[in-house]
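# Architecture at a glance
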Amino acid sequence: MRCAHPSRVLLAAAAACALLAASSSAFAAKAEYKVGFITSMTGPVSSLGIPFATGMKVAHLYKDELDGRPIKIITMDSGSNPTQAGTDARKLTEVDHVDVLIGAADTPDALAISAISSSHRTPFITAAHVLPYNESHAWTINAPQPISIVMQKIAARMKHNGVKTVGYIGFADAWGDEVYDALRKFEKPDGYKVITDERYARSDSSVTGQVLRIIAAHPDAVINGGAGTPGALPYVELKRLGYKGQIYGTHAYMDVHFTDACGSACNGMIAAAGPLEISPDLPDSNPTKPISTEYRALYKKVTGKPIPGAFSSYTFDAYLIFLNAASRLPKDVQPGTQAFRTALKDAIQTTKNLAGTQAVYNFTPGHMYGVTPSSIFVVKLENGAWHWDPLKQ
């Protein structure tokens, strides 16, 4: 019996190891990206959360792989509960080891996710507002327009329209606080005074007492710091009780569920919003128009219907921000690792001239927003539809 020469055995073993290493390397090269998506499919914020989920479906249709690696989206329903949103974020980071978090449907949920994002060093691109920038939110980037520049546009229009006194009503939560603070910021520059600060819960079914106090103060205009369907309640009550003054809103009302709930009570409302809602009216030179046009077509392909408003596009834009940043990372930085998550955060914070449906995004380290005033337009609600309302010179 002849025995194989030891050198041949070693060569065969080396070849087998090389083949195994090559196979492992090829497998690693195809490691999937994991996106953890948290929204509110149920509960009082579902009128926002469900469109956000549709936006993610459109996003995945737009691009479901990057550089040959598939992109997996893991979806969680927070039930409109910030505690559950935090639990979902913890599961996605600790168990699923996602590369990025996207969500949530409202500011309270977003704040809970942001805290987990920071402690678990995982980038969070939020479709709801998180303020202010500090160490507890250092891994968070906001996709929507900052309320400060939205309110800057609204305040300038109120000044143009002769508003001297403003009645405020808003959600009794962080979003309501943000809108109120932004409204107060422009009191002196734009020559008006905020004379009421009424609040209500997103789940409330009546705001009669709050609205009666506003009407008794006789403001020239009223603005509601709400969002989605629950945001319609004060406007409906204002009309029922005979208020005749001007009404204003924010980009949180760019959705058919809000306009349907508000009906004729919101006819004539003035707000400020991103470009998607009015993209057909914008000139072809506007850099957001091509992606907005493509988004509209993809949305119809997914749902069989035209877009009902702008809400769904915020998660789409969050996904675009992720794609753009991930595409710029070194090829040897593998998804599923802390090195990748850190590099992704740094890349997101250096994003330049990314055209989305809601803005052209330019981020800088240490700042949570990448939207400038040039991406905000004053709009007016007429017979259930929003229209661009530029001042005529």
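Described in the following lines is the structure provided in the data block. (Residues numbered from 1 in each chain as written. Predicted model: local features only at pLDDT ≥ 70, side-chain atom pairs only at ≥ 80, totals over all residues. Heavy atoms only, no water.)

## Focus on the state of the cysteines
Tallied over the full model, the rule gives one disulfide. Covalent S-S linkage joins C262 and C266, the inter-sulfur distance amounting to 1.8 Å. Disulfide C262-C266: the torsion about the S-S bond is 55 degrees, which places it as right-handed. Each member of the pair, C262 as well as C266, is classed as buried. (Disulfide = S-S within 2.5 Å. Buried < 20%, exposed > 50% of the residue type's maximum accessible area, 1.4 Å probe, protein only.)

## A short note on helix α2 (residues 46–62)
Compared with an ideal rise of 1.5 Å per residue, which puts 17 residues at 24 Å, α2 spans 24 Å between its outermost C-alpha atoms and is within 8% of the ideal. Of all the 17 residues making up α2, twelve are buried; the element is thus mostly covered by neighbouring parts of the structure. Looking only at α2, the buried set comprises S46, S47, L48, G49, P51, F52, A53, T54, G55, M56, V58 and A59. Next to the buried residues of α2 lie β1 (33–39), β3 (69–77), β4 (100–103), α10 (256–262), α11 (289–303) and α12 (311–327). (Helix = DSSP H or I, 4+ residues; strand = E, 2+ residues; numbered from the N terminus. Expected span 1.5 Å × (residues − 1). Contact = heavy atoms within 4.5 Å.)

## Focus: the sheet that holds strand β6 (residues 140–142)
Ordered in space as β2-β3-β1-β4-β5-β6, the six strands form an open sheet in which the pairing is mixed. Because the sheet does not close on itself, it has two edges, and the strands there are β2 (65–66) and β6. Sheet topology places β1 next to β4; four bridges connect them, and they run parallel. Within β4, the residue paired with I38 across the bridge is G103. Its contacts with the sheet place α2 against β1, β3 and β4, and it is angled at close to 160 degrees to β1. Contacting β1, β4, β5 (124–126) and β6, helix α4 (residues 107–119) crosses the sheet at an angle of about 165 degrees to β5. (Pairing = 2+ DSSP bridges. Axes fitted to C-alpha atoms, helices over the stretch in contact; angles between N-to-C directions.)

The values are spatial; any link to function lies outside them.
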